[in-house]
Amino acid sequence: MFETLKQQPADKILQLMLMYADDPRDQKIDLGVGVYKNADGITPVMRAVKAAEKRIWDEQTTKTYTGLTGDTAFTGGMVNLLLGDAVARDMISAVATTGGTGAVRLGFELIKMMNPKARIWVSDPTWPNHIAILNYLGIEIKTYRYFDPETRGVDFDAMIEDLKGAQAGDAVLLHGCCHNPTGANLNLVQWQEVADLLNDRGLLPMIDIAYQGFGDGLEEDAAGTRLVASSVPECLIASSCSKNFGIYRERTGMLMAISADISRRALVLDTMATLNRLAYSFPPDHGARIVSTILNDDALRADWMAELEDVRLSMLGLRQQLADELQRLTGSDRFAFLAGHRGMFSRLGVSPEIVERLRTDYGVYMVGDSRMNIAGLNSRTVPILAQAIVDAGA
Ligand code: PLP
Ligand code: TYF
């Protein structure tokens, strides 16, 4: 039967990772996959994560199964981190998932289960896995314009105009912060306008938040999510701990649902637990336990927040340095948007030909749509990249 299989389209981001590994040049610069790297090019294990793992090793007495929803110390801690006091807890159902990707997949499956005819509106562009998973699940995809190629900011009027085409029963996928792949984000006035539109049209928001703490700060990055969650009757939130806890390979994430009334909460939770069971039974625990150990301990939490803040500020510093360097080289503010973007990514907004030239002639690896992972830089490589961008004709 295996002869019936067809080659599946590759993930371009992961493909780029392999191409970079194969490149023998010493001067190569990896701005591909969205993984944080420090100035030495290393993705470190965070101090609080190491300490939490040590504590778990010391104190854990069993590795028997958890529940289908995961550990409530994890989901409760994550709900607090994401929502603060924005939403009453008795409206919330939350389950641990295999990474943020698992949360996204579960959220889409839940939407399909509730309304097989639901269309899901995604930003153009969005994270390619959103499209791939929706296609795989046979869910109709609609796109809303998002990125303005001129300003490299959000084309908010176009976004709203397109979302006005959504029908009651559709869902709208929003990036909570640090938009992947563009780096362009909504401000709070715009978030409110989106929330009003969702309410007016009876649309279900699903917020994917994978970079809380990487943009303007832990609280600031959750502000849009909190605003929507407290403005609409029902909402789904998929979150990831991969980046902000640096535990990528532990596969730690959560799907949260906010119900319109308390009586629905248990059924929603039970359904999400069942979807976990149908996919893999119990969600992974080790990463979730690291996160709950950190979030529920004052000292570990403070240390984690301090290190995360250093990570955030280092990326902001690199953005500013790159914008300044390009300003100096070009004598124009054409690249000032780089300092205004937030998160790991910026879409440079150049042609695929220039992206290819940057790779073949200068050893600079960015995704084909000209998405750069800012964390792939350091203060030494920023001027090299800036010169390459100019020389490649951007
Ligand atoms: N959603 C977005 C927008 C992402 O960029 C990512 C990748 O990091 C994820 C979800 C999920 O990541 P993971 O499955 O590694 O937690
Ligand atoms: O967009 C990125 O680079 C990250 C990491 O299939 C990632 O979100 C990339 C591809 C993928 C899973 C994660």
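Residues numbered from 1 in each chain as written. Chains lettered and ligands numbered in written order. Predicted model: local features only at pLDDT ≥ 70, side-chain atom pairs only at ≥ 80, totals over all residues.

Within an unreviewed UniProt entry, the label attached to the protein reads Aromatic amino acid aminotransferase, and the organism entered is Pseudodonghicola xiamenensis. Quoted verbatim from the Subunit (unreviewed entry) field of UniProt, the annotation for the protein is "Homodimer." Taken verbatim from the UniProt record of the protein, the Cofactor (unreviewed entry) comment is "pyridoxal 5'-phosphate". (UniProt positions renumbered as here; feature names shortened; annotations may be inferred.)

## Considering the site of ligand 2
The local shell around ligand 2 consists of Asp 11, Ile 13, Leu 14, Val 33, Gly 34, Trp 127, Asn 129 and Asn 180. Of the residues assigned to the shell around ligand 2, the class counts are 4 nonpolar, 3 polar and 1 charged. Counting the residues that make up the shell around ligand 2, at least three belong to each of domain 1 (11-45 + 301-391) and domain 2 (65-296). (Near = placed C-beta within 6 Å. Nonpolar A, V, L, I, M, F, W, Y, C, P; charged D, E, K, R; others polar. Domains from an automatic or database assignment.)

## Some thoughts on the sheet that holds strand S4 (residues 140-145)
Taken in spatial order, the 7 strands make up an open sheet running S2-S8-S7-S6-S5-S3-S4, and their pairing is mixed. The two strands at the open ends of the sheet, each matched to only one other strand, are strand S2 (92-98) and S4. Within the sheet, the average angular offset between the axes of one strand and its neighbour, ignoring direction, is 25 degrees. Of the strands in this sheet, strand S3 (119-124), S4 and strand S5 (171-175) touch helix H5 (residues 128-137), which is tilted by about 160 degrees from S3. (Pairing = 2+ DSSP bridges. Helix = DSSP H or I, 4+ residues; strand = E, 2+ residues; numbered from the N terminus. Axes fitted to C-alpha atoms, helices over the stretch in contact; angles between N-to-C directions. Contact = placed C-beta atoms within 7 Å.)

## Notes on the site of ligand 1
The environment of ligand 1 is made up of 14 residues, and the closest members are Gly 99, Gly 100, Thr 101, Ser 240 and Ser 242. Sort the elements by how many residues they give to the shell around ligand 1 and helix H4 (residues 99-114) lands first, with 4 residues. Here the shell around ligand 1 is composed, by residue class, of 4 nonpolar, 9 polar and 1 charged.

## Some remarks on the domain arrangement of the protein
Partitioning the protein into domains gives domain 1 (11-45 + 301-391) and domain 2 (65-296). The C-alpha-based centres of domain 1 and domain 2 are spaced at 26 Å. Between domain 1 and domain 2, the residue contacts involve 26 residues of the former and 28 residues of the latter. For the side of domain 1 that touches domain 2, the elements supplying multiple residues, two or more each, are helix H11 (298-330) and strand S9 (345-347). Among the residues forming the side of domain 1 that touches domain 2, the class breakdown is 12 nonpolar, 6 polar and 8 charged.

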